[in-house]
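One-letter residues, chain by chain:
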Amino acid sequence: MTVTPDSKAANQMWGGRFSAGPDAIMQAINASIGFDQRLYAQDIAGSRAHAAMLAAQGIISNKDAEAIGEGLLAILSEIEAGQFPFTPELEDIHLNIEARLTERIGEAGKRLHTGRSRNDQVAVDFRLWVRDQCDQAIAGLTGLMQAFLKQAEVGADWVMPGFTHLQTAQPVTWGHHMLAYVEMLARDRSRFEDARRRMNECPLGAAALAGTSFPIDRHMTAQALGFDRPTANSLDSVSDRDFALEFLSASSICAMHLSRFAEELVIWSSAQFRFVRLSDKWTTGSSIMPQKKNPDAAELLRAKLGRILGATVALFTVMKGLALTYSKDMQEDKEQVFDAADSLMLGLAAMTGMVSDMTANREILRAAAASGFSTATDLADWLVKALNLPFREAHHVTGTLVAMAESKGCDLPDLTLADMQSVHSGITDQVFGVLGVENSVRSRTSYGGTAPDRVREQVARWQAALG
């Protein structure tokens, strides 16, 4: 039989079980080096920790461990300098690095894989990478929360309309609206923090699926790689991708929150609303309509949820039917997570830039807040408190007054006292003290309410929490 280059690579990887290499299609579907090379830093860190442990346990010599450690650092420099010869025939990042290590240091490089498998190797690499992404997400969310807090602090008493069903509901403050997103993002941050805590167990040493007969010290490698402890079950260790699913789930919820505010920016920056102005940094023009200033950054960010949620569903689908332990299906885990992480980090950075840069139009916000009978609830509340009406009766009286104002083409504060008394004789001129939008927001003093003093309290609380 003629030995082809492909079959040589196959024999190197799989040993004597396979006498011929895969054809080009099999090689293409089997190789992952095109995307898993992103794990190079984690792979090298895991291998250095493993080699140091092997030497400490007397499984390999200190001389070989030193050569392995130095060789891996040299390979790290090669990769970061763009000088590493990635080879698809060697399938993945693990075998590419190991083959290059053996080229550099000889026989000692072949001892590195003692007491481990590619199954636990990829599990620890991927877990380290996702853990790093959690840290980046937490940092990005903190920065975005701080940007919203600055907006909230400046506009703590700026009145704007609050909406339900995208219809004017009650006056709120700009600061209160900004703080709503701080609360959402804080929950997102806590989800990444929780996911990070759960994933911070080290699968290295689980080997292929059953552990190893070598006297390894899994606690040593776990500590060296910053994990809290080693994983407790070797079967679960190599087959678990919950950490990636949790990261994707948290990313999907976070991206949904980003998408909601992106939608508000699209609406608010329109000529019909003019609530905010986005600078040229975050908008584009039209190729044919010179007056246009399109909120493209917000629209693109709004769409990122589709990619991230799609990645989440894809990985759930990959994992849902897999019996223990490792199956090659699990190679399809990484591209989804890589793409989702890239989209999320870009989205957080872009949103932080837009929130920091946007300018609210205070006068237009106030005018919009005063329209649409936004103080109707204040009127109903006053009827309850001042006239002791049951709320349902007060609601009916207020609705009648709203209909009257609508027929006259005016707002509630523009009705005369006589107009109001024609609906309910007990109404006095004190009612006009609650109908202004500023009075309305100042009255909402319940904890978590929109009153400016409450907003400033929440801003101070979050500023102290974020440092």
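Quick caveat: nothing in here was measured; it's all calculated off a predicted structure.

**Student:** Just give me the short version of the overall build of the chain, but keep the residues and values in it.
**Tutor:** Along its length, the chain carries 19 helices and six strands. Taking 2.2 N^0.38 as the reference for a compact globule, 467 residues should give roughly 23 Å; the C-alpha atoms of the chain span a radius of gyration of 31 Å, well beyond that estimate. Dimensions of the chain, computed from the C-alpha atoms along their principal axes, are close to 105 × 55 × 40 Å. Residues classed as buried in the chain amount to 49% of the 467 residues present. Taking contacts inside the chain between residues at least 6 apart in sequence as the whole, the part at least 24 apart equals 73%. Working note: accessible area of the chain is about 21,900 Å², and carbon and sulfur atoms make up 52% of it. Here the chain carries 45 positive and 56 negative side-chain charges, and the mean point of each set is 1 Å from the other.

**Student:** Account for the pairing of strand E2 (residues 167–173), naming residues and giving values.
**Tutor:** Bridging between strand E1 (residues 159–164) and E2 involves six bridges; their strand directions are antiparallel. When the bridges of E2 are listed, Met 160 appears paired with Val 172. Once E1 ends, the chain turns through two residues before running back antiparallel as E2, passing His 165 with a positive phi of about 60 degrees.

**Student:** Can you tell me about the side chain of Thr 450, naming the residues and giving the values?
**Tutor:** Tracing the sequence through the fold places Thr 450 in the loop between helix H18 (437–443) and helix H19 (452–466). A relative accessible area of 5% places Thr 450 in the buried class. Among the polar contacts made by the side chain of Thr 450, one reaches the main-chain amide nitrogen of Thr 173 at a distance of 2.8 Å. When near neighbours in sequence (up to four residues on either side) are disregarded, Thr 450 contacts Pro 171, Val 172, Thr 173, His 176, Val 441, Arg 444 and Val 455.

**Student:** Quick rundown of the confidence of the model for the chain? Include the residues and the values.
**Tutor:** Taken residue by residue, the chain gives an average pLDDT of 92. The fraction at 70 or more is 94%. Every residue in residues 1–11 is under pLDDT 50, and counting partners more than four places away or in other chains gives 15 contacts.

**Student:** Describe the environment of Val 441, naming the residues involved and giving the relevant values.
**Tutor:** Along the polypeptide, Val 441 turns up in helix H18. Spatially, the C-alpha atoms of Val 441 and Pro 171 are 6.2 Å apart, while their sequence positions differ by 270 residues. Dropping the residues within four chain positions of it, Val 441 is found in contact with Val 159, Pro 171, Val 172, Thr 173, Thr 450, Ala 451 and Pro 452.

**Student:** Give me the lowdown on the packing of aromatic side chains, citing residues and values where you can.
**Tutor:** Scanning the model with the defined rule gives 14 aromatic pairs in all. Consider the rings of Phe 84 and Phe 86, whose centres lie 4.7 Å apart with planes at 55 degrees: the pair is tilted. The interplanar angle of 25 degrees and the centroid separation of 6.5 Å between the aromatic rings of Phe 163 and Phe 275 together place this pair among those described as stacked. Of this pair, Phe 163 sits in strand E1 while Phe 275 sits in the loop between helix H11 (242–268) and strand E5 (276–277), and the two are 112 residues apart along the sequence. Given a relative accessible area of 27%, Phe 163 falls into the partly exposed group. Residue classification places Phe 275 among the buried residues on the basis of a relative accessible area of 3%. Counting every residue linked through ring pairs, the aromatic cluster contains Phe 148, Phe 163, Trp 174, Tyr 181, Phe 261, Trp 268, Phe 273 and Phe 275. The ring of Phe 126 has Lys 334 sitting right over it, with the charged end atom 5.4 Å from the ring centre.

Conventions used here
- Residues numbered from 1 in each chain as written.
- Predicted model: local features only at pLDDT ≥ 70, side-chain atom pairs only at ≥ 80, totals over all residues.
- Heavy atoms only, no water.
- Helix = DSSP H or I, 4+ residues; strand = E, 2+ residues; numbered from the N terminus.
- Rg over C-alpha atoms; globule rule 2.2 N^0.38 Å.
- Buried < 20%, exposed > 50% of the residue type's maximum accessible area, 1.4 Å probe, protein only.
- Contact = heavy atoms within 4.5 Å.
- Areas by Shrake-Rupley, 256 points an atom, 1.4 Å probe, with all protein chains shown as cover.
- Lys, Arg positive; Asp, Glu negative; His and termini not counted.
- Charge placed at Lys NZ, Arg CZ, Asp CG, Glu CD.
- Pairing = 2+ DSSP bridges.
- Polar contact = N/O pair within 3.5 Å; in protein donor to acceptor, adjacent residues only side chain to side chain.
- pLDDT = per-residue confidence, 0-100.
- Phe/Tyr/Trp six-rings, centres within 6.5 Å; stacked < 30°, edge-to-face > 60°.
- Lys NZ or Arg CZ within 6 Å of the ring centre and 35° of its normal.

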